[in-house]
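Residues per chain are reported as follows:
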Amino acid sequence: NAGVMQNPRHLVRRRGQEARLRCSPMKGHSHVYWYRQLPEEGLKFMVYLQKENIIDESGMPKERFSAEFPKEGPSILRIQQVVRGDSAAYFCASSPLRSNNEQFFGPGTRLTVL
Amino acid sequence: TQLLEQSPQFLSIQEGENLTVYCNSSSVFSSLQWYRQEPGEGPVLLVTVVTGGEVKKLKRLTFQFGDARKDSSLHITAAQPGDTGLYLCAGLPISNFGNEKLTFGTGTRLTIIP
């Protein structure tokens, strides 16, 4: 059973460009979470999605960031007009429905904004 | 805002020694998870504790959840170089249905010296 997959693993963007990060949850998992880890800091929650629904986006910056989890295909975290402060590791986690809420993480996408 | 403080922040010990790391909060959690993260990778789930006072063992690792479900500890016996990594605790709040984001601790960076 494949784990959570994220791509790309590394992404370099210039200021003002768009970044698209993809996450495929584990098979059978219907819940997806995105977290951000800034250098030398802990993981911070960004958004929680189920298929076609955003459940909790309280950790998302108000501007430039958006997330979706369509009926078909991976979850996408989209950052428009990136700035240097967006440089971080972005992790996706997934969990099955009602299982002590154990979340399994992908390897992350490391975004570098030049 | 629920905060999880981990101590110590850094720990470097000789192979074969025992160690304990702590995860403390003033908030009550419905469950608490421990992860280990290696450089360039995502957090890997080690254990979930749910019941106050619960103790779980994973080979040389012993995890305990405080009676009041506000704190937890991780004890490693006879540490080995393979135990080196960043140890993260993460708490799940007493849940309003749908609010299942993890709050991560500040992390303990453990180095085992051969």
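Since we're looking at a predicted model, the values are computed, not measured.

Caption draft 1: Quick peek at unusual backbone geometry. Omega for the peptide link from A:N7 to A:P8 comes to -5°, which places this bond in the cis form. Residue B:P8 follows B:S7 across a cis peptide bond; omega there is -10°. Relative to the helices and strands, B:P8 is located in the loop between β1 (5-7) and β2 (10-14). The residue A:R64 is not glycine, and still its phi comes out positive at about 75°. Here A:R64 lies in the loop between β6 (53-56) and β7 (65-68).

Caption draft 2: Expanded view of the state of the cysteines. Scanning all chains against the criterion turns up two disulfides over all chains. Linked covalently through their sulfurs, A:C23 and A:C92 form a disulfide whose S-S length is 1.7 Å. Disulfide A:C23 to A:C92: torsion about the S-S bond roughly -50°, handedness left-handed. Placement of A:C23 in strand β3 (residues 19-24) and of A:C92 in strand β9 (residues 88-95) is noted, with a sequence separation of 69 residues between them. The pair formed by A:C23 and A:C92 is uniform in burial state, with each residue classed as buried. Between the sulfur of B:C23 and that of B:C89 lies a disulfide, 2.0 Å long from S to S. Taking the torsion about the sulfur-sulfur bond, which here is approximately 80°, the covalent link between B:C23 and B:C89 counts as right-handed. Linking B:C23 in strand β3 (residues 19-24) with B:C89 in strand β9 (residues 85-93), this pair joins segments that are 66 residues apart in sequence.

Caption draft 3: Molecular detail of the sheet that holds strand β7 (residues 61-65) of chain B. All names here are of chain B. Taken in spatial order, the five strands of this open sheet run β1-β3-β8-β7-β6, and their pairing is antiparallel. Among the strands making up the open sheet, the edge pair consists of β1 and β6 (55-58). Going from strand to strand, the sheet's axes swing by 15° on average, the running direction of each strand aside.

Caption draft 4: Seen up close, the pairing of strand β5 (residues 43-50) of chain A. All names here are of chain A. Burial of β5 is extensive: six of the eight residues sit out of reach of the surface. Taken together, the seven bridges between strand β4 (residues 31-37) and β5 define a ladder with antiparallel strand orientation. Its bridge partner lying in β5, Y35 is registered against F45. Turn length for the β4-β5 hairpin, with the two strands adjacent in sequence and antiparallel, is five residues, and the turn residue E40 shows positive phi of about 60°. Taken together, the three bridges between β5 and β6 define a ladder with antiparallel strand orientation. Across the sheet, residue L49 finds its bridge partner in β6, namely I54. In this structure, the hairpin formed by β5 and β6 is closed by a connection of two residues, where E52 is found at a positive phi of approximately 65°.

Caption draft 5: Quick peek at the sheet that holds β7(A). Residues and elements named next belong to chain A. The four strands are arranged β1-β3-β8-β7 in an open sheet whose pairing can be described as antiparallel. Either end of the sheet is taken by a strand with one partner, and the two such strands are β1 (5-7) and β7. Within the sheet, the average angular offset between the axes of one strand and its neighbour, ignoring direction, is 15°.

Caption draft 6: Molecular detail of the interface of chain A and chain B. Residue-level contacts link 22 residues of chain A with 21 residues of chain B. In this assembly, chain A packs against chain B so that about 1,800 Å² is buried in total across both faces, 49% of it on carbon and sulfur atoms. Taken together, the connections running from chain A to chain B amount to two salt bridges. Counting across the chain A and chain B interface gives seven residue pairs in polar contact (both at pLDDT 80 or more). Only β4, β5, β6 and β10 (104-105) of chain A provide two or more residues apiece to the side of chain A that touches chain B. Examining the composition of the side of chain A that touches chain B, we find that four residues originate from one element, β4(A), more than from any other.

Criteria and cut-off values
Residues numbered from 1 in each chain as written. Chains lettered and ligands numbered in written order. Predicted model: local features only at pLDDT ≥ 70, side-chain atom pairs only at ≥ 80, totals over all residues. Heavy atoms only, no water. Helix = DSSP H or I, 4+ residues; strand = E, 2+ residues; numbered from the N terminus. Disulfide = S-S within 2.5 Å. Buried < 20%, exposed > 50% of the residue type's maximum accessible area, 1.4 Å probe, protein only. Pairing = 2+ DSSP bridges. Axes fitted to C-alpha atoms, helices over the stretch in contact; angles between N-to-C directions. Contact = heavy atoms within 4.5 Å. Buried area = accessible area lost by both parts, 1.4 Å probe. Salt bridge = Lys/Arg side-chain N within 4 Å of Asp/Glu carboxyl O. Polar contact = N/O pair within 3.5 Å; in protein donor to acceptor, adjacent residues only side chain to side chain.

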